[in-house]
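Overview (structure and organization)
This is what each chain is made of:
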Amino acid sequence: MKKIIALLLALVMVLAFAACAPADNDETAAPDGSQGAEGTQGNSDLKVSVFWYDESDVYLSSVRSELNEQLDALGIAYDDQYAGKDQARQLDQVRSAITGGSNLLVVNVVTSGSTDVAEQILEAAGDIPVVFFNRSIGNDGQDVTVLNEHANSCFIGTDAPEAGHLQGQMIGEYLVDHYDEVDMNGDGVITYAMFKGEEGNAEAIYRTQYAVEDADKVLTEAGKKPLQYFDPNNTDKYQVDQGGAWSAAAAKEYMDTNFVTYNEASGNMIELVICNNDGMAEGAIASLQGQGYNTGDAHVVPVFGVDATENAIALIADGAMTGTVKQDAEGMAKAIAGTIGALAEGKTPVDALAAQDDPRFSIATDCASKLYVAYAPYTGE
């Protein structure tokens, strides 16, 4: 009898411990020990891992919020992992996710424009579908070669030159309409500063190139002189964020330093600021406002960016910023989520892209495995 009572007590204790044990929430740890955000555990057989080059990028934060909401609505399990701008860490995260059972990879690569990185990820993935997004996996057509050689892969992003063309056209038209007020020293030439987000990044390269080239075309057609870079000793004709973060802090630091030598009192004031993204535009504006410009009734130095973030839209509404190019976060998220949903139905990556029906989307003319989300100019009007 005593043995039976003892066994019953032991069984009660085991059940009590089981009831008190924490539930397994299936969170995915990054290599640095931090936890990735885990999405809904829906009725899909897919387990999606989404890899972000960095957690702090303002535009991508908007994409992530929209994407997670849409994946939750689709009932697809997912986790978000952040590489902290460390490509080696991201590759480790990819391999760990595969080992952990992820069967669809959505990758925002750290090293933009690198076919080697794309190939390493695809080699690790094997037959697992890979959706690259936002950051290029190869420049000058090399991405097409990679995608064509791997039928289980596709790319969702933007047509990189388009943002530069739109920004350049917008700048040129604005200057033609406001030339005398922008030309602070009245010498008939507009001097500009250019803030480049990242070396080697396709978007940064094309934005830097075409923003100036296309603005110059509009100016010369109107009988005006082309733009002149403010520092004759800088043969690159841009200042780059050395950390590759496209950051407001980098642009502000550069602009603060520029003001020491190039200012209104010296007659060589920077009269126009062109930025590869809205974050750098914010930093430039902060510096300008510190010098008494772009605030209230003070003289406004035109500042142009890319992304149409909430902060940029507010700055344009306040008159502190002149224009930006909208990089559609909601559209990007919709394209990615729709493609994931189509893959869940058994479609190939090419067919999954083709199934996305939205006037903002287009399949690249050079590759059926690339989908572009359109840019649009934004000036608040």
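Residues numbered from 1 in each chain as written. Predicted model: local features only at pLDDT ≥ 70, side-chain atom pairs only at ≥ 80, totals over all residues. Heavy atoms only, no water.

**Quick word on empty space enclosed by the protein**
The condition that has to hold: Any residue with an atom within 4 Å of a point lines the site, the site being either a cavity, points on a 1 Å grid over the protein atoms alone where a 1.4 Å probe fits but cannot get out, or a pocket, an open set with protein on both sides within 12 Å along at least 5 of 7 lines. Grid points are joined across faces, edges and corners, and a volume is the space filled by probe spheres set on the points. Nonpolar residues are Ala, Val, Leu, Ile, Met, Phe, Trp, Tyr, Cys and Pro. Charged residues are Asp, Glu, Lys and Arg, and all others, Gly as well, are polar.
Taken as a whole, this structure holds one cavity of 30 Å³ or more when the rule is applied. Of the voids in this model, the largest cavity is the one considered here, and its volume is about 160 Å³. Asp-57, Asn-134, Arg-207, Trp-246 and Gln-327 are the residues nearest the centre of the largest cavity, which is lined by 13 residues in total. Across the lining of the largest cavity, the residue classes tally to four nonpolar, four polar and five charged.

**A short note on the nonpolar core**
Side chains of nonpolar character tend, in soluble globular proteins, to be buried together. The condition that has to hold: Within this scheme, the nonpolar core is defined by two criteria: the residues are buried Ala, Val, Leu, Ile, Met, Phe, Trp, Tyr or Cys, and they are joined through side-chain atoms within 4.5 Å. Summary of the burial criterion: residues with accessible area below 20% of their type's maximum are buried, those above 50% are exposed, and those between are partly exposed, where the area comes from a 1.4 Å probe applied to protein chains only. Runs of H or I in DSSP of at least four residues are treated as helices and runs of E of at least two as strands, each being numbered from the N terminus. Every residue pair with non-hydrogen atoms within 4.5 Å of one another is taken to be in contact.
Membership of the largest hydrophobic core comes to 47 residues, with the highest contact counts inside it found for Phe-195, Leu-227, Leu-272, Val-273, Ile-274 and Leu-288. When residues of this core are assigned to their parent elements, the largest contribution, six residues, is made by helix α6 (residues 160-182). Sequence-distant contacts of Leu-272, defined by excluding residues within four places in its chain, comprise Ile-171, Leu-175, Ile-190, Thr-191, Tyr-192, Ala-193, Leu-227, Val-301, Pro-302 and Phe-304. By size, the runner-up hydrophobic cluster in this structure holds 37 residues, among which are Tyr-59, Met-332, Ala-352 and Leu-371.

**A short note on the side chain of Ser-136**
Counted only if it meets this: N or O atoms within 3.5 Å of each other form a polar contact, as long as, within protein, one can give a hydrogen and the other can take it, and as long as residues adjacent in sequence are counted only when both atoms are side-chain atoms.
Relative to the elements of secondary structure, Ser-136 occurs in the loop between β5 (130-133) and α5 (142-149). On the basis of relative accessibility, which here comes to 8%, the residue Ser-136 falls in the buried class. Side-chain polar atoms of Ser-136 contact the backbone oxygen of Gly-138, separated by 3.0 Å.

**Here we look at unusual backbone geometry**
Trans peptide bonds make up the majority, and among non-glycine residues the majority have a negative phi. At Lys-85, a position not held by glycine, the phi torsion is positive, near 60 degrees. Along the chain, Lys-85 turns up in the loop between β3 (77-82) and α3 (87-99). You can call Lys-85 partly exposed: its relative accessible area is 34%. For Asp-307, which is not glycine, the phi dihedral falls at a positive 135 degrees.

Keep in mind that these numbers describe shape and distance, not what the molecule does.
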